[in-house]
Amino acid sequence: MMEKVMQINQIHSRHHVFWVFIIVHFSLLLFSAFCADIPPRKILNGEKKKSRKIELHREDNRVFIDNGLVEVTIENPSGHLSGIKYKGMLNVLETRNNNNNKGYWDIVWDNEAYDKLATQHLKIITETDELVELSFTKMWDVTKDHGNLVPLNVDKRYIVRGGVPGLYMYGILERQEDFPDAHMYQIRIAFKLNEDKFHFMAISDTKQRIMPSQEDRDESRCQVLAFKEAVLLTNPTNPQLKGEVDDKYQYSGENKDNKVHGWISDDDAVGFWVITPSNEFRTGGPHKQDLTSHVGPTALSMFVSTHYTGTEMDVLYKKGETWKKVLGPVFMYLNSASWDEARHYRKALWNDANRQLREEIQSWPYNFTASEDFPHAQQRGEVNGQLLVRDQSLDKQLMQAKSAFVGLAEPGYAGSWQTEGKGYQFWTQTDNTGRFTIKNVRPGEYNFYAWVYGFIGNYKLNLKITIQPGNKINLGTLIYDPPRNGPTLWEIGIPDRTAAEFFIPEPNPTFVNSILNHDADKFRQYGLWDRYSDIYRDGDLVFTVGVSNYSKDWFFAHVPRRIGNETRATTWQIKYELQEVNKAGNYTLQLALAAASYAEVQVRINNPDANLPHFTTERIGYDNAVPRHGSHGLYRLYSINVPGNGLQRGNNTIFLTQTRCHDPFEAVMYDYIRFEGPAV
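Parameters at a glance
- Residues numbered from 1 in each chain as written.
- Predicted model: local features only at pLDDT ≥ 70, side-chain atom pairs only at ≥ 80, totals over all residues.
- Heavy atoms only, no water.
- UniProt positions renumbered as here; feature names shortened; annotations may be inferred.
- Helix = DSSP H or I, 4+ residues; strand = E, 2+ residues; numbered from the N terminus.
- Buried < 20%, exposed > 50% of the residue type's maximum accessible area, 1.4 Å probe, protein only.
- Lys, Arg positive; Asp, Glu negative; His and termini not counted.
- Salt bridge = Lys/Arg side-chain N within 4 Å of Asp/Glu carboxyl O.
- Polar contact = N/O pair within 3.5 Å; in protein donor to acceptor, adjacent residues only side chain to side chain.
- Contact = heavy atoms within 4.5 Å.
- Domains from an automatic or database assignment.
- Buried area = accessible area lost by both parts, 1.4 Å probe.
- Phe/Tyr/Trp six-rings, centres within 6.5 Å; stacked < 30°, edge-to-face > 60°.
- Pairing = 2+ DSSP bridges.

Observations concerning the UniProt feature "domain: Rhamnogalacturonan lyase" (unreviewed entry) in the protein chain
The positions UniProt marks with the feature "domain: Rhamnogalacturonan lyase" (unreviewed entry) are residues 402-475 and 488-675. With 0% helix and 50% strand, residues 402-475 has its two end C-alpha atoms placed 17 Å apart. What you have in residues 488-675 is 6% helix and 39% strand, and the ends, taken at the C-alpha atoms, are 6 Å apart.

This is the structure in C-alpha cells:
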C-alpha cells in the first residue's frame, strides 16, 4: 500500500513539474513576442538610436539628407523645404501644396509685400558621417530692380544630425549700409503639414484637441465673425466641432512659454513639433505674445512680428544702418508612439516632446553649428547679481525682488525692450532672494532691465554692459526704487502687467472654443468684449473702494458700449472716501495700463461734466489685444498729480472715460490703479 502511495505521489510530482515547465515555457514565449514589439520606452523614435552614416544626395533641383530616421528633401536652389519622410509617412508636409508652400521662411515688409526668401545658391558647409549642414544663400544687389523682394542678404541653414529624428533650421539675415529703407513687420518659418494626417494640435498642457480642417473655414462651412480670422463652424467635416469658434489668435502664447507646440497624426501615432530652446533671437521680451500652431494644419516658428504691439515695435531699418542677425536655430522634432499605449499615445508624444525640449535647452547654445555668426558657449559671457526693492511705504527694510524678470537687451530707455525689434535679448527670473545669473550672452553692448511682480514701473541700470567672449560680470547688489509719491490710500488689481486678475465674463454660449475651457485660458474666448454691453445695459461700471471686488466687479477691458447698432464712449467710476484731506498737499493717481488700442483715457476728479479733463493719455496704442484675445499688450504707466484742493472730505469719485468708440476694439486694459496720499 505504501509503495502504491509513493508511486502515485511520484506520478503527481512528475505531472506537476511537466505543467510548470509548459506554463513557464509558454509564458517566456509570450513575453518574448510581446517585448519584440515594445521598445524600452513608450516612444520609439523619441530617443537617439545608434547612428548610421548620414547620406547626402543631390539632383538638379533637389537635395536629400537621410540619417536613417528622417529623410529631408530641400528644393535647390530656392531652399524651400519640400519633404520630410518619417516612419511610414512618405511626407509629413502637405504634398498637394507647391514646393514653396510646404516648409518655408517668409517676411512681410513694406506695404504688405510678401517675400518667401527664395535663394539662389547651395553650399555644403559640413558633410560627415554624423552631421550635414547646408547653406542656401542669395545676395541683394542694390543696382537691380528686385520688385517685391525684401532688401536683405539671406543665408538659410539646414542641419541633420546622426541619430536625431528631426531637422535644425536657422537663418542669417543681413542688411548693408547702402540698402534702402524697409519695414520688416514679420519674420517666421512656416510648416504646412499633411492635411489628411494631422488633426490633433497641442500647444500646452491644457490646450490640446482635435482641430477643424482648412476646409472647415470655407464659406460653405463657416460664418465669418467680427474679423476674418474668427469663424463660427456651421457645417464642419467633423460634426463634433459644429458651433465652435476658431481663430488662430486664440492659440497665441508668450515668448517665455512658447517653447514647444505641434501636431499629432492619429493614424500613425506620429508627432511633429516646433521646439525653440532659446528666446535670444525673438523680439519684444519674455511677455511678447505671438502665434504658435493653428488650423491648416500649420506650425509656426515666429521670430519678429507686430502682433500685440502694433507699429510701436521697432521694425524700421533705415538706409545707412547696417544690421545682421542670426534667427534660430529652432528644431523640428518628430516622434512616434508604440501601439500598446494606443489610448495614451497623445500624452506620450506630448510628454516626449517636452523631454526633448529639456534636452535641447541643456544643449544650448549648440556646439554643432558651423556659422561664425552663431557663437558657441565658450565664446559667450555671463552676468550675475542681486536685485532688491526699496519702497518704504511698504517696508522700511530693503525687499528681495522674488521671481523678478531681469534681462539684457539693446541699449535704450527703461522698458524699451518691449518694442525692441532688431537685437538680441537674454532674460531670466530671480530666485527668492533676488539673485540672478544670465548665461550664454552673445558678445555685444547691452543695458540691464527688470520689472518686479507686485511693483509698478520699469527698472534700468544706467550702465552700458559690454559682453566679451568668456567674461563673467558681477553687477553686485542693485536697488530698484519703484514709482511712489506717498502712502497707498486704496488700490485696484495687482501690478503684474496683465488684466487677467479682473472679471473675465463667461463667453456667449454661441461663441465657444472648447480648447480654452481651462481657467488660465478663459480670457482667450471669442467675443468677451461684447459681454460688457450685456452686463452693463443700463449704465457703465461703478467700483466702490472697500465694497467692490476687482475680480468680480472690474471688467477686464474698458471698451465702448453697444447700444443698438451704435457703439458709445464709456465712463467708469471709482468711488472712495477720504477721512481727511490735505488741501495744500498733492495726491497721486498711479494708472498702469496693460494694453491700449487706438484709445484715449480721460481722467476727471469729482466733476464728470468738466469741459477739460484733469488728465488725458491722448490717443495711444496699436496692440489690438482685445480682438486678439490677449490679457495684455504693451505696458504703460502714468503718474498723475491730483492737487488736494480738488478733493473733499467724505465721498469722492474718479471718472475714467475711454473716449474712442468708432469700433468695439478701441479699448484699454488696466493693469493696476493706486491712489496715493501726500508724501509724509
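Here's the deal with the side chain of K102
With respect to the helices, strands and loops of the structure, K102 is situated in the loop between β4 (81-86) and β5 (103-109). E94 is the oppositely charged side chain nearest to the buried, salt-bridge-free K102, at an N-O distance of 7.9 Å. Within polar-contact distance, the side chain of K102 engages the side chain of N99 at 3.0 Å. For K102, the contacting residues outside a window of four places in its chain are L81, S82, L93, E94, T95, N97, A190, F191 and K192.

Notes on the domain arrangement of the protein chain
Per the domain assignment, the segments of the protein chain are domain 1 (103-212 + 251-363), domain 2 (377-480) and domain 3 (488-676). Each of domain 2 and domain 3 has a C-alpha centre, and the two are 31 Å apart. With 11 residues of domain 2 at the interface, the matching set in domain 3 holds 11 residues. Summing the contributions of domain 2 and of domain 3, the shared interface buries around 960 Å²; its carbon and sulfur component is 58%. Along the contact surface separating domain 2 from domain 3 lie 0 salt bridges.

Observations concerning the pattern of salt bridges
Counted according to the given criterion, the structure contains 37 salt bridges. Salt-bridge contacts for E280 lead to R380; the nearest nitrogen and oxygen are separated by 2.7 Å. In this pair, E280 is assigned in the loop between β19 (270-275) and β20 (289-290) and R380 in the loop between α2 (345-362) and β25 (381-389), connecting sequence segments 100 residues apart. Exposure remark for R380: the relative accessible area of 3% places this residue in the buried category. Shared partners join several salt bridges into a network, and the residues in it are D530, R531, D534 and R562.

What to know about the packing of aromatic side chains
Aromatic rings in a pair are described by how distant their centres are and how their planes are angled relative to each other. Within the structure shown, the criterion is met by 45 aromatic pairs. When the centroid spacing of 6.2 Å and the interplanar angle of 45 degrees are considered together, the rings of F502 and W554 count as tilted. Of the two residues, F502 is situated in the loop between β33 (488-493) and α3 (528-535) and W554 in the loop between α4 (550-553) and β35 (561-563); the sequence distance between them amounts to 52 residues. Assessed through its relative accessible area of 0%, W554 is described here as buried. The rings of F502, F503, Y532, Y536, F543, Y550, W554, F555, F556, W572 and Y670 are connected pair by pair, giving a single aromatic cluster.

Let's talk about the sheet that holds strand β34 (residues 542-544)
Read from one edge to the other, the open sheet built from 5 strands follows the order β34-β37-β43-β39-β40, with strand pairing classed as mixed. This sheet does not close on itself; its edge strands, each paired only once, are β34 and β40 (615-616).

With respect to the side chain of K116
Tracing the backbone shows K116 in the loop between β6 (113-115) and β7 (121-127). Here K116 sits buried without a salt bridge, and the closest side chain of opposite charge, D106, lies 6.3 Å off (N-O distance). In this structure the side chain of K116 is engaged in a polar contact, spanning 2.8 Å, whose partner is the backbone oxygen of N100. If sequence neighbours within four positions are ignored, K116 has contacts with H80, N100, N101, Y104, W105, D106 and K156.

Section: the environment of D129
Relative to the helices and strands, D129 resides in the loop between β7 and β8 (131-138). Remark: the alpha-carbon pair of D129 and R161, spanning 32 residues in sequence, is separated by 8.9 Å. Non-local contacts of D129, meaning those with residues more than four positions away in its chain, are made with R52, K53 and I54.

Some points on the sheet that holds strand β14 (residues 222-224)
Hydrogen bonds between backbone groups are what pair the strands of a sheet, and the pairing can be parallel or antiparallel. Taken in spatial order, the 3 strands make up an open sheet running β14-β15-β16, and their pairing is antiparallel. Two strands bound the open sheet, and with one partner strand each, they are β14 and β16 (245-246). For β14 and strand β15 (residues 231-233), the ladder comprises 3 bridges, and the chain directions are antiparallel. Among the inter-strand pairings, Q223 is bridged to a residue of β15, identified as L232.

A short note on the pairing of strand β2 (residues 62-66)
Of all 5 residues in β2, 4 are buried; the element is thus mostly enclosed. Looking at chain direction, strand β1 (residues 55-58) and β2 are connected through 4 bridges and run antiparallel. Across the sheet, the residue bridging to E55 is D66, located in β2. Linking β1 back to β2 in an antiparallel pair, the connection comprises 3 residues. Where β2 and strand β3 (residues 70-75) come together, 5 bridges link them in antiparallel fashion. If you follow I65 over to β3, its bridge partner there is V72. Hairpin connection between β2 and β3: a loop of 3 residues separates the two successive antiparallel strands, and G68 in this loop has a positive phi of roughly 90 degrees.

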